[in-house]
Amino acid sequence: MTRKNKKSSRSSSSQLAPLLGTLLVVAAVLLWWFDDSISPPSGPVNPYQPVNYQPVNPYQVVTPPATPAVSPQPEMAVSSTSSPDSSSSNSSMTPVEPVSSPLNADALQSAAQTKRQIGTPTEAELPAGIDPTGTSLAMAVPSSGAVRPAIRPVVDPTKLQASDPDGLKLIAGFDCSPKNVVVTSTGPAQFEVRFPSGRDNTGFFLFRLEHANGKEVSITLTNVPEKWKTLNPVYCHSIDLSDLKNFESHPPEKTAKPVKAPNGPLLPDTAGEQWHFIENVTYEKGRLTLIHNYESDAISIAMRPPFTPEYLTSYTDSLRGREHVIVHDIGITPEGRPLQVIQVGGEDEKSLREKPCLLIYAREHADEHDGSWVVQGAIEYLLLEETAGARIRNFLTLLVIPIYDPDGAAQSTYHRIVDGFGPNIRIPECDQYMKFFMNWLNQGNRVDLVVDLHNVESSEAPHLSFGSYPKRSETMSKAMQYLHTLIQAQMESFGFKSPKSSWGGDNYFLRMTSIFQYQFSAPWILYEVNSQAPQRHLTTAELRIMGAIMVETISKYLRSREFRPLSITATKKREERLRRWLYWNPELHLENEFFGPYDMERAIWVSGDPEKHRTSKRYPLYRDLLKTKFPQFVPKESLSTTSRKKD
Ligand SMILES: [Zn+2]
């Protein structure tokens, strides 16, 4: 279900003004801090010199930085539509006209209604390299039909909190807090929190302290990984994690230089922030001890600033009144939380069809909170009226999912609904996302690029690392490597540390990114954010700035001649998909218990291309399902007239 909520509100500009100021000032501060942390600037520096902040000028040519020998220089995506000089960096980011779809979805729809067969489907351009209906996918598919991710059991609720002799209390187990730790009091103002073994249980933590005012509290986390040695957890003088105020940034008149924590990292001044770093941290053999003197009774302590499902609800409620935003309420999770896709820009049908659409989603791994702040920064940046944000809204449509797995986030689970797309896989959240995007595309809208945000925990990587990308497609692979050189250069110019090379694999056939790659020909790029980077930690304001830089750089890329070949391919694929969709008209069956939206999406290709898919392992499954449930859709061998290559 999609609820549109587009209002024009006079109050929106007054809401945006402080945000604009914050972004401007923090960006200036950021530049100063980072410069300072590397080499002290000569002469007086006023970090609040306000309005010369131009995060990225989309008309300015970005020259990809020189690439070291260890990392191959990415080439331009495809040269077919580029002029001979397109490999020169000076012309590489020349804006070009967007690839607009000549397809009129309404006309096709009405044609389909009056005449089922609107024409013989032609061969689609499936990305080369892998047949998603083939063996490699089949091996990854669970044998049973219905897949429900397990909810991690609470080990022992009585062990989730403890009090010291004076009534000071440490509490775990609430939403987003780990539910399988053991909390004990080891003396006055001293606690131990024992973590179970395994990655699933140690990705994130969040606790509450009660009656902490004026007390120096020592908390030792035990059985924790060595990568936490550079962690400086954060605290807030509130336990209300749904209140927007507890996550605002108000940079002060004067900001202190970063200080070096005893365990190594530089800590930025958080005087204008609601979340502050615990400086006094020591790590030794699986034990991380945090000592801090707290100045209020009720305290939240977290591994990194928590972006909770409750906060998301407050945030999306605040967005509903703003201009240029649509909150699509697409469904409800099994535990009753809203599933939402937030749209910024794409104000009318024409721009939705003609302008590139960027999808950014975070929290596929539900306990990786950093990405949600980056996503929020991208939204806020596009909502700024007086900067490049307004300009970008004219160039693209932004779709964002700040928390992909809200139930997993509340359970503080790492990997729950990640592998949710594939033959015969039914996960309620993934079905809802699939239906939303199918419906989105059925309206003639587009998705051109997908960004999938994660975070590492602390010492593994700097602020933004290039995870993975569609390596099996040469065209997409080169394009995403090139895009990363642009993003990396901008991030570095703002002082964020971002390595040039990627570390990741590409074995993500059941993830949402693969749906976009294989079904809709949209490339994807996966990033790992890290607000607890070993060199220097980041505030939530700085994470938001990363979102602004990311969306600004990508918007420029999506209008570049380098992206054009991919855009053409994706447009053709979307048109072909829509033709088939209207031909088979399978949406009548989307609610069918046996045949989920993913299988419907596959079926329009498999059943229309029997010769192409007959040799694939999944073909009999689709054929038999069609035969049993939808005899009218059984593949007709003579349907296709174009000649095909053998698989
Ligand atoms: Zn992850």
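Parameters and conventions
- Residues numbered from 1 in each chain as written.
- Predicted model: local features only at pLDDT ≥ 70, side-chain atom pairs only at ≥ 80, totals over all residues.
- Helix = DSSP H or I, 4+ residues; strand = E, 2+ residues; numbered from the N terminus.
- Buried ≥ 20, exposed ≤ 12 C-beta atoms within 10 Å, placed from the backbone.
- Contact = placed C-beta atoms within 7 Å.
- Pairing = 2+ DSSP bridges.
- Axes fitted to C-alpha atoms, helices over the stretch in contact; angles between N-to-C directions.
- pLDDT = per-residue confidence, 0-100.
- Parallel < 35°, antiparallel > 145°, perpendicular 65-115°, else oblique.
- Left-handed = near helix turned anticlockwise from the far one by under 90°.
- Nonpolar A, V, L, I, M, F, W, Y, C, P; charged D, E, K, R; others polar.
- Core = buried A, V, L, I, M, F, W, Y, C linked by C-beta atoms within 7 Å.
- Domains from an automatic or database assignment.

Caption draft 1: Representation of the overall build of the protein within the structure. Scanning the protein for helices and strands turns up 16 helices and 20 strands. Taken across its 647 residues, the protein has 50% of its residues classed as buried. By sequence separation, contacts in the protein at least 24 residues apart represent 79% of the contacts at least 6 residues apart.

Caption draft 2: Molecular detail of the sheet that holds strand E20 (residues 524-529). The sheet built from seven strands is open, its strands ordered E14-E15-E17-E16-E18-E20-E19 with mixed pairing. Because the sheet does not close on itself, it has two edges, and the strands there are strand E14 (325-332) and strand E19 (464-466). With direction set aside, neighbouring strand axes in the sheet form an average angle of 20°. In terms of strand pairing, E14 meets strand E15 (residues 338-344) through seven bridges, oriented antiparallel.

Caption draft 3: View of the pairing of strand E12 (residues 287-293). Side chains Leu-288, Leu-290 and His-292 project from E12 onto a buried face, and the interleaved Arg-287, Thr-289, Ile-291 and Asn-293 project onto a face without burial. Relative to E12, strand E6 (residues 216-222) runs antiparallel, the two sharing seven bridges. In the strand pairing of E12, Glu-216 is matched with Asn-293. For strand E11 (residues 280-284) and E12, the ladder comprises five bridges, and the chain directions are antiparallel. In the sheet register, Glu-284 faces E12, and the bridge partner there is Arg-287. Joining the antiparallel neighbours E11 and E12 is a turn of two residues, in which Lys-285 adopts a positive phi near 45°.

Caption draft 4: View of the confidence of the model for the protein. On average, residues of the protein score 76 in pLDDT, and 67% of them reach the 70 mark or higher. This model gives residues 101-105 a pLDDT under 50, and the stretch forms 12 contacts once residues within four places in sequence are excluded. For residues 107-150, every residue scores under 50 in pLDDT, and the model assigns this stretch 76 contacts once sequence neighbours within four places are set aside.

Caption draft 5: Quick peek at the sheet that holds strand E4 (residues 190-194). Across the sheet, which stays open at both edges, the five strands sit in the order E3-E4-E6-E12-E11 with mixed pairing between neighbours. Whereas interior strands pair on both sides, the edge strands pair on one side only; in this sheet they are strand E3 (182-187) and E11. When strand polarity is set aside, the average angle formed by the axes of neighbouring strands in this sheet is 20°.

Caption draft 6: Quick peek at the packing of helix H6 (residues 370-383) against helix H12 (residues 540-558). Close contact between H6 and H12 brings their axes to 6 Å; oriented N to C, the two are set at 60°. For the element pair H6 / H12, the angle class is oblique. The handedness of the crossing between H6 and H12 is right-handed. Across the interface between the two elements, Asp-370, Trp-373, Val-374, Val-375, Gln-376, Gly-377, Ala-378, Glu-380, Tyr-381 and Leu-382 from H6 touch Thr-540, Leu-543, Arg-544, Ile-545, Met-546, Gly-547, Ala-548, Met-550 and Val-551 from H12. Within the contact of H6 with H12, the residues separate by chemical class into 12 nonpolar, four polar and three charged.

Caption draft 7: Structural context of the nonpolar core. Grouped together as the largest cluster of nonpolar side chains are 147 residues, with contacts concentrated most on Val-374, Ala-378, Val-400 and Met-546. Here the element with the most residues in this core is H12; it accounts for 11 residues. For this core, the domains that each give at least three residues are domain 1 (11-45 + 72-82 + 309-498 + 505-568) and domain 2 (157-302). Excluding anything up to four places from it in sequence, Ala-378 contacts Ile-360, Leu-398, Val-400, Gly-547, Ala-548, Met-550 and Val-551.

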